Amino acid sequence: MIRSRLGIMMFLQFFIWGGWFVTLGTFMANNLEATGGEIGMAFSTQSWGAIIAPFIIGLIADRYFNAERILGVLHLAGAALMFGLYTSTDFSTFYPLVLAYMVLYMPTLALVNSVSFRQMEDPGREFARIRVWGTIGWIVAGLMISFVFSWDSTAAIEAGLLRYTFLMCAIASLALGLYSFTLPATPPVAGGGGLREVLGLDALTLLKDRNYAVFFMASILICIPLAFYYQNANPFLAEIGVENPTGKMTLGQISEVLFMLLLPVFIQRFGIKITLLIGMLAWVVRYVLFAFGNADDGVILLLIGIALHGVCYDFFFVSGQIYTDKRAGERFKSAAQGMITLATYGVGMLIGFWVAGQVTERFVAADGHDWQGIWLFPACFALGVLVLFLLSFRNKQ
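Keep in mind the model is a prediction, meaning the values are calculated, not measured.

Trainee: I would appreciate a short explanation of the overall build of the protein in the present structure.
Mentor: In terms of regular secondary structure, the protein is built from 15 helices and two strands. Relative to the compact-globule value of 21 Å for 397 residues, the protein shows a C-alpha radius of gyration of 20 Å, a close match. Overall size of the protein, expressed as C-alpha extent along the three principal axes, is 60 × 50 × 35 Å. Evaluated residue by residue, the protein yields a buried proportion of 55% over its 397 residues. Here the contacts in the protein between residues at least 6 apart in sequence split such that 84% fall between residues at least 24 apart. Accessible surface for the protein amounts to roughly 16700 Å². Of this, 66% is attributable to carbon and sulfur atoms. Side-chain charges in the protein split into 23 positive and 24 negative, and the spacing between the mean points of these groups amounts to 15 Å.

Trainee: Hey, could you run me through unusual backbone geometry in this one?
Mentor: When glycine is set aside, most residues are seen to have a negative phi, and most peptide bonds are trans. In this model, Glu33 sits at a positive phi of 50 degrees, which is unusual for a non-glycine residue. Secondary-structure assignment places Glu33 in the loop between α2 (24–31) and α3 (36–43). Given a relative accessible area of 69%, Glu33 falls into the exposed group. Even without being glycine, Asn244 reaches a positive phi, approximately 50 degrees. Along the chain, Asn244 falls in the loop between α11 (210–239) and α12 (245–292). With relative accessibility at 22%, the residue Asn244 sits in the partly exposed group.

Cut-offs used in this document
- Residues numbered from 1 in each chain as written.
- Predicted model: local features only at pLDDT ≥ 70, side-chain atom pairs only at ≥ 80, totals over all residues.
- Heavy atoms only, no water.
- Helix = DSSP H or I, 4+ residues; strand = E, 2+ residues; numbered from the N terminus.
- Rg over C-alpha atoms; globule rule 2.2 N^0.38 Å.
- Buried < 20%, exposed > 50% of the residue type's maximum accessible area, 1.4 Å probe, protein only.
- Contact = heavy atoms within 4.5 Å.
- Areas by Shrake-Rupley, 256 points an atom, 1.4 Å probe, with all protein chains shown as cover.
- Lys, Arg positive; Asp, Glu negative; His and termini not counted.
- Charge placed at Lys NZ, Arg CZ, Asp CG, Glu CD.

If you want it as structure tokens, here you go:
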């Protein structure tokens, strides 16, 4: 029963995120008439949330309140903000609401993990079976948008029906907020984690190691191509006329699950350097496929590019977390994960969304966008990061 209850929590947690974040760029461009820079600002709220989240978790949740209770409060507040996004009609009212929402939502990612870990006897074996329901939740949200409600069809986008994604997520947030208060009690750990540990400041000594410093900088830089996918993939597919774009993008999450299973095999067989290089190469290949694919005879290129998400994400970011864990040792494990998360999802993605917004705005055309020019930029950028990493990273393990 505990596993089932935690699975429902994970399902709703990521159903909410996948239910509005994927189509955000498409909605803003078509219904709020937002510029590329404004869309980049909206997506960068994820990064601001990631930067602020450690303060909420480290200074408040870990010290004074049960994790399940603060999870419930944050999602109930998020439901109200989601309803506000549903009723917004211009960027000036939309942006403050999405910023406030992400500041509240990003800490819940750590809270659902805390609730889960504290109920497990062997998290190493049990957590994956719980976390996979989060990926399933994200997939179901995309399939509902495309194949149940058809909110992302060309006619529906023009009619403004994508607005209903926020209403759907407001209802899901309300449900998760109330459900959180029924979860097993997860009281704060005595003393809590220090802010230096939560922010990863204690792990800065890892940067004295040349190889880890190279990996750390590559992790920040590769977030710039990653931001292009999150921000532009759905608007790109919708604008060029691909049917059910949000549903088709769930191929990325399906491949993420499959390649997660293959990741240990690759690390054992080829080592961490080759695994990381494969992940970076996948970014290059994906964006080249996007640059030359189309909605007709080239749609297979687009689908392959979407399906490469599992390689892009798992082989670099997940393997990078494993590498960080090994390099940190017992003393700095938590601090090192905090540092790499803050650097990538915080600083790296913040820069990435800004760059993606500026590049997208530069390639605006009379009939939409010059998507080939937009996608070739992150392809070349990822190739540059790959070459620098190949020449600089010399870890022999």
